[in-house]
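Below, each chain spelled out in residue letters.
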Amino acid sequence: MTESGPVDDVRAVFEKYAEGEAHMSPEQLQKLMAEEGGGEGEERSTSLEEAERIVDEVLRRRHHIAKFTRRNLTLEDFNYFLFSTDLNPPIADQVHHNMDAPLSHYFIYTGHNSYLTGNQLSSNCSDLPIADALRRGVRVVELDLWPRGTDDVCVKHGRTLTKAVKLGKCLESIKANAFATSKYPVIITLEDHLTPKLQFKVAKMITQTFGEMLYYHDAESCQEFPSPEDLKGKILISTKPPKEYLEANDGKEKDNGEKGKDSDEDVWGKEPEDLISTQSELEKVTSSINDLSQDDEERGSCESDMSCQLLAPEYKRLIAIHAGKPKGGLRMALKVDPNKIRRLSLSEQLLEKAVATYGTDVIRFTQKNFLRIYPKGTRFNSSNYKPQIGWMSGAQMIAFNMQGHGRALWLMEGMFRANGGCGYVKKPDFLMNVDPTGQSFYPKDNSSPKKTLKVKVCMGDGWLLDFKKTHFDSYSPPDFFVRVGIAGAPVDEVMEKTKIEYDTWTPIWNKEFTFPLAVPELALLRVEVHEHDNNEKDDFGGQTCLPVSELRQGIRAVPLFNRKGVKYSSTRLLMRFEFV
């Protein structure tokens, strides 16, 4: 084993700023940090104190001494700094977007069926996935409420074989984890199948659990929603007002029955294995569900309008964001009421139909109101869909199955690494300013690029510390290559790859790619490392996804993550970013 030295790009930068000397001073490092630049909107410190702190930390880590006879960096010290993911990350880790705009001006990190531990049909329900999602930065969690006997409420996924969990347990989990990662508001969306008596009980449980954390306001007359900054530390409830449950036809059931080609397999390649592995298992589960009692729907109805009127106020008072689909079809559902703010939920297929038919109406609707998109019902294995069409339409809540894994979820995780990972990402200005002529911004195939991103994959390291020596090949070091591309507007999507570097744990590629971008505001840089195998499927060696608008220019250390989105301890790439 021999450790690779600094690559040519690192040597060139060191020689430039060290001015030909053998050491780089804190003053020279400060100059480099100021001139190489950060990400758009980033207010990263370039003070001398910051540069001195970095020099001291590098010397402490590399030379294990508390007092230094020198306070400068050698070429090897400088290379260590550039290859450290905590000292030289690719994006900023602080909140830096304007957080004072109305809540509807933000994309919000949203979960779907947040209580499920696995597939949509037979996995258990638990409070643990809720806690995990909140700690990962998710700000919208969904609970499906069903009667448990005549006097209790549970959370489960409809008429399926999923094992229910108590509502109280889920509420306590939300309270304990809501603000562990982010202080910005948490929204609980409720799918309610309860009698008025049980709605009253739920209202009491929610009030007692969250107390002053709950946000109340008159949703009937709200013309503009407060900002994420105003709502820090608050929990908001979003559901249909009680009366609407009696009148609404469940469009979700109809959407779930629609058949369509999944959009999971595209330029990114085939998805990881399904959570439900065989067709026979799927048929067995669905057959069992069909044999279950069909009386759940009946339980959700009121015995009389009078009982609804007596019990509804306590429950209705909790609702900060009214949900519901107005009568009259999709066009009417997208109509903006100047005196009210509401949430509309559409399946992924219905969103595609809405964008194709009423694209500008969708964007206008999302400038003030909330649009939530959920996976189609045939995604029994808890897979996800491509989120870009929702983001390009201004939809704030792209609800994902967080318990799954796969490339679509990697994109979602990448988007919400933006803005310090707080779970709220400010929508681009063009989504808030529809052309007065009624034209949508949606990019055409011949859209000219606004910006060009140059990406250079220099080298990689760390696999030997995170994997066993025989993980990739039994008798030789691995043969790594990198796939690099853009996910975003259709006109911007592309995938490239480096050559294969054979028999090395520290591959050096030095390969540069150029990506012209028509919609850089919504572009995501996708990176995957694979290990080439002549006889079998290539092995997975790590992945990451980064918002292009947040990339810091210059040479950066890019940490890699496993299939489930967990960061490796040591595996990382050295990459160079430049906007031209």
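In this text, all values refer to a predicted model and were calculated from it rather than measured experimentally.

Rules of the game
- Every residue gets a number counted from 1 within its own chain, in the order that chain's sequence is written.
- In view of the model being predicted, local features appear only for residues whose pLDDT reaches at least 70, and side-chain atom pairs are presented and counted only at 80 or more, with totals across whole chains, interfaces and linings using the full set of residues.
- Side-chain calculation: all heavy atoms of the structure are included, whereas hydrogens and water are not.
- A run of H or I in DSSP becomes a helix once it reaches four residues, and a run of E becomes a strand once it reaches two; helices and strands are each numbered from the N terminus.
- Three labels apply to residues, based on accessible area from a 1.4 Å probe with only protein chains included: buried if under 20% of the type maximum, exposed if over 50%, partly exposed otherwise in between.
- Should any heavy atoms of two residues lie within 4.5 Å, those residues are counted as being in contact.
- All accessible-area figures derive from a Shrake-Rupley calculation using a 1.4 Å probe, and residue coverage is judged against the displayed protein chains alone.
- Helix axes are fitted to C-alpha atoms over the stretch in contact, other axes to C-alpha atoms as well, and angles between N-to-C directions run from 0 to 180 degrees.
- Comment on the angle field: the value is read as roughly parallel under 35 degrees, roughly antiparallel over 145, roughly perpendicular from 65 to 115, and oblique elsewhere.
- Each residue receives one of three labels: charged for Asp, Glu, Lys and Arg, nonpolar for Ala, Val, Leu, Ile, Met, Phe, Trp, Tyr, Cys and Pro, and polar for the others, Gly being one of them.
- A pairing counts as a salt bridge when a side-chain nitrogen of Lys or Arg comes within 4 Å of a carboxyl oxygen of Asp or Glu.
- The span expected for a helix works out to 1.5 Å for each residue beyond the first.
- Residue-level confidence of the predictor is summarised by pLDDT, bounded by 0 at the bottom and 100 at the top.
- Pairs were defined over the aromatic rings of Phe, Tyr and Trp, the Trp ring being its six-membered one, requiring ring centres within 6.5 Å. Orientation was assigned from the angle between planes: stacked under 30 degrees, edge-to-face over 60, tilted for the rest.
- The definition of a polar contact used here is a pair of N or O atoms within 3.5 Å, where within protein one atom must be able to donate a hydrogen and the other to accept one, and adjacent residues in sequence count solely through side-chain atom pairs.
- Paired strands, in this sense, are two strands between which DSSP finds at least two bridges.
- We call a set of buried residues a nonpolar core when its members are Ala, Val, Leu, Ile, Met, Phe, Trp, Tyr or Cys and they connect through side-chain atoms within 4.5 Å of each other.
- Patch members must show over 30% relative accessible area and no salt bridge, and they are joined within 9 Å when carrying like charges or within 5 Å when they are nonpolar side chains of Val, Leu, Ile, Met, Phe, Trp or Tyr.
- A residue counts as positive if it is Lys or Arg and as negative if it is Asp or Glu; His and the chain ends are not included.
- Every charge is mapped to an atom, namely NZ of Lys, CZ of Arg, CG of Asp or CD of Glu.

Asker: Explain the overall build of the chain to me, please; I cannot follow it from the model alone.
Answerer: Scanning the chain for helices and strands turns up 17 helices and 19 strands. By the burial criterion, 57% of the 580 residues in the chain qualify as buried. In the chain, 74% of the contacts between residues at least 6 apart in sequence involve partners at least 24 apart. Summing over all exposed atoms, the chain offers an accessible surface of approximately 25600 Å²; the carbon and sulfur share of this is 47%.

Asker: Would you mind going over the packing of helix 3 (residues 48-63) against helix 4 (residues 75-82) with me for this structure?
Answerer: In helix packing, the relevant descriptors are the interaxial angle and the interaxial distance, both defined with respect to the helix axes. Two elements in contact, helix 3 and helix 4, have axes whose closest approach is 10 Å; the angle formed by their N-to-C orientations is 105°. Between helix 3 and helix 4, the interaxial angle falls into the category roughly perpendicular. Along the contact surface, helix 3 presents I54, V58, L59, R61, R62 and H63, while helix 4 presents E76, D77, Y80 and F81. Grouping the constituent residues of the contact of helix 3 with helix 4 by class yields 5 nonpolar, 1 polar and 4 charged.

Asker: Is there a simple way to explain the pattern of salt bridges in this structure?
Answerer: When charged atoms on two side chains of opposite charge get close, those side chains can pair. According to the stated counting rule, one finds 23 salt bridges in the structure shown. Between E57 and R61 there is a salt bridge whose closest N-O contact spans 2.7 Å. In this pair, E57 and R61 both sit in helix 3, 4 residues apart, roughly one turn of the helix. For R61, a relative accessible area of 23% puts it in the partly exposed group.

Asker: Where do I start with helix 3 in this structure?
Answerer: One full turn of an α-helix is made of 3.6 residues, so residues set three or four places apart face in the same direction. In a regular helix each residue adds 1.5 Å, so 16 residues correspond to 22 Å; helix 3 covers 22 Å between its end C-alpha atoms and thus fits that length. Among the residues of helix 3, those classed as buried are E50, A51, E52, I54, V55, D56, E57, V58 and L59. Where helix 3 is buried, its residues contact helix 2 (26-36) and helix 4. Positive backbone phi, at 55°, marks H64, one or two positions downstream of helix 3.

Asker: Which parts of the structure should I look at to understand the confidence of the model for the chain?
Answerer: Detailed reading of the predicted coordinates is not advisable wherever pLDDT falls low. Looking at the chain as a whole, its pLDDT mean stands at 85, while 82% of the residues score no less than 70. This model gives residues 245-269 a pLDDT under 50, and the stretch forms 51 contacts once residues within four places in sequence are excluded. Residue range residues 271-306 is modelled with pLDDT below 50. Its contacts to residues more than four positions away, or to other chains, number 58 contacts.

Asker: Would you explain unusual backbone geometry in this entry?
Answerer: Phi at E19 is positive, roughly 55°, even though this residue is not glycine. Among the secondary structure elements, E19 is positioned in the loop between helix 1 (8-17) and helix 2. For N113, which is not glycine, the phi dihedral falls at a positive 45°. If you trace the backbone, N113 turns up in the loop between strand 1 (106-111) and helix 5 (128-135). Look at N113 and you get buried, because its relative accessible area is 1%.

Asker: How should I be thinking about the packing of aromatic side chains in this particular structure?
Answerer: By convention here, two paired aromatic rings are described through the distance between centres and the angle between planes. Summed over all chains, the structure comprises 16 aromatic pairs. With a centroid separation of 5.6 Å and an interplanar angle of 85°, the aromatic rings of F225 and F370 are classed as edge-to-face. Within this pair, whereas F225 is found in the loop between helix 7 (196-210) and strand 6 (235-239), its partner F370 is found in strand 9 (residues 370-374), the two being separated by 145 residues in sequence. Judged by relative accessible area, which is 3%, F225 ranks as buried. Ring plane angle 15° and centroid distance 6.4 Å describe the contact between F513 and F515, whose orientation is recorded as stacked. What makes F513 buried here is its relative accessible area of 5%.

Asker: Would you mind going over the side chain of S238 with me for this structure?
Answerer: You can see S238 is positioned in strand 6. Residue S238 is classed as buried on the basis of its relative accessible area of 0%. There is a polar contact of 2.7 Å between the side chain of S238 and the side chain of R343. In this structure S238 touches I187, I188, T189, L190, I321, A323 and R343, once residues within four positions along its chain are discounted.

Asker: When you look at the pairing of strand 6 in this model, what are you seeing that I'm missing?
Answerer: Moving residue by residue along a regular strand, the side chains alternate between the two faces of the sheet. Counting buried residues in strand 6 gives 5 out of 5 residues, a clear majority hidden from the surface. In strand 6, alternate side chains face the same way, and those of I235, I237 and T239 on one face and L236 and S238 on the other are all buried. In this sheet, strand 6 lies alongside strand 5 (residues 186-192) in parallel orientation, the contact comprising 4 bridges. For I187, the partnering residue across the bridge sits in strand 6 and is L236. Across 3 bridges, the pairing between strand 6 and strand 7 (residues 319-323) is parallel. Pairing of I237 across the sheet is with I319, part of strand 7.

Asker: How should the nonpolar core be read in this particular structure?
Answerer: Counting residues in hydrophobic clusters, the biggest one holds 75 residues, and the most contacted among them are L143, I174 and I235. If we skip the residues at most four places from it in the chain, L143 touches Y115, I130, V155, L167, C170, L171, I174, I188, T189, L190 and E191.

Asker: Quick question: what am I supposed to make of a positive patch on the surface here?
Answerer: On the surface, a cluster of positive charge is contributed by R148, K163, K166 and K169. Among the structural elements, R148 can be located in strand 2 (residues 140-148).

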